[in-house]
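Spelled out, the chains give:
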Amino acid sequence: MDDLELIIDLHKGALRLGPGSSEETGKALKLTNLNLSEDLKIADIGCGSGAQTLELARLTRGKIIAVDLFPEFLEKVKEYAEEEGYKERINTLQCSMDDLPFEEESLDLIWSEGAIYNMGFQKGLLAWRKFLKPGGYIAVSEITWLKEDRPPELEQFWSGTYSEMHSLEVKKDQLKNCGYELVGNFTISENSWLDNYYTPMLSRIPDFLKRHQEDKNAEDLVKEEQHEIDLFKKYKDYYGYVFYIARKI
Ligand code: SAM
């Protein structure tokens, strides 16, 4: 199996594919001040299995388009949406986030938890802005440095993993320069990394390794994930996922 197939296989049983929680999805939504009526049109970009898509459906009466590149995850979104009775309000779209087919000024809210990094923070903010109605909102969570004087092994790991790893101040400036007014931001809790993302992933690893016995790529993937988790446990005060909620200006 190639690396991408292995990543999908490791994550496809998960509810959350990155750090986050329903409480934090709700907290970010409140900061938008939007009218959560049936007229609301939301796109959830890089939705994964749809944990936050479902929470948005629970908290609003609007219509949500859940977008992801991989059908394996969208199948999960469909399954959960059907189970919870949101089939009419949640539609899925298999598409790349850098090639979205939306009409200009057609969305009230763009949501993206732990996914804009796939395109790059600034590139995503700029490309998606045109889809928002005037005064529409964007809510994105993005990994961010929270302290200066980072330990070299941490700096090396994250700078090598994501070229747009920056401080809160830089991210805020980028939002402004891309045509948004920040209305609020907060850092996602430690439990949202451990309880909702890393611990469930660790519990899937034994079965994953059984499915891919003697596959060096699978073993390497597990080592990389374990290294990321170890760094988080050691240095979690230095960085975090920050939710940025901003209005199109
Ligand atoms: N929002 C989900 C969550 O928090 O559980 C998923 C976060 S996961 C870290 C990133 C998601 O982005 C994955 O579901 C992945 O399939 C999706 N993705 C990666 N590249 C993409 C692209 N080019 N276009 C759309 N989605 C993409």
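Residues numbered from 1 in each chain as written. Predicted model: local features only at pLDDT ≥ 70, side-chain atom pairs only at ≥ 80, totals over all residues. Heavy atoms only, no water.

*Asks:* Let's hear about the pattern of salt bridges: which residues, and what values?
*Replies:* Applying the stated criterion across every chain yields a total of 17 salt bridges. The salt bridge involving R58 is made with E55; its shortest N-O contact spans 2.5 Å. One end of the pair is R58 and the other is E55, both in helix α3 (residues 51-59) and three residues apart, which spans about a single turn. In this structure, D207 engages K210 in a salt bridge whose closest nitrogen and oxygen atoms are separated by 3.9 Å. Separated by three residues within a single helix, D207 and K210 lie in helix α8 (residues 190-211), roughly one turn from each other. (Salt bridge = Lys/Arg side-chain N within 4 Å of Asp/Glu carboxyl O. Helix = DSSP H or I, 4+ residues; strand = E, 2+ residues; numbered from the N terminus.)

*Asks:* Mind laying out the nonpolar core, listing which residues take part and the relevant values?
*Replies:* If you look at the biggest cluster of nonpolar residues, it comprises 75 residues, and the most contacted ones within it are I90, W111, W128, I138 and Y239. Residue contacts for I138: discarding those within four places in its chain leaves I110, L125, W128, L132, Y180, Y244, I245 and A246. (Core = buried A, V, L, I, M, F, W, Y, C linked by side-chain atoms within 4.5 Å. Buried < 20%, exposed > 50% of the residue type's maximum accessible area, 1.4 Å probe, protein only. Contact = heavy atoms within 4.5 Å.)

*Asks:* Help me get a handle on the UniProt feature "domain: Methyltransferase type" (unreviewed entry) in the protein, residues and values and all.
*Replies:* In the numbering used here, UniProt assigns the feature "domain: Methyltransferase type" (unreviewed entry) to residues 44-139. With 32% helix and 29% strand, residues 44-139 has its two end C-alpha atoms placed 10 Å apart. (UniProt positions renumbered as here; feature names shortened; annotations may be inferred.)

*Asks:* How would you summarise unusual backbone geometry if you had to cite specific residues and measurements?
*Replies:* A positive phi angle is found at N33, which is not glycine, with a value near 60 degrees. Structurally, the position occupied by N33 is in the loop between α2 (22-30) and β1 (41-45). Taking relative accessible area as the criterion, N33 reaches 68% and is therefore assigned exposed. Phi at E214 takes a positive value of approximately 60 degrees, unusual for a residue other than glycine. Mapping E214 onto the fold places it in the loop between α8 and α9 (216-235). On the basis of relative accessibility, which here comes to 78%, the residue E214 falls in the exposed class.

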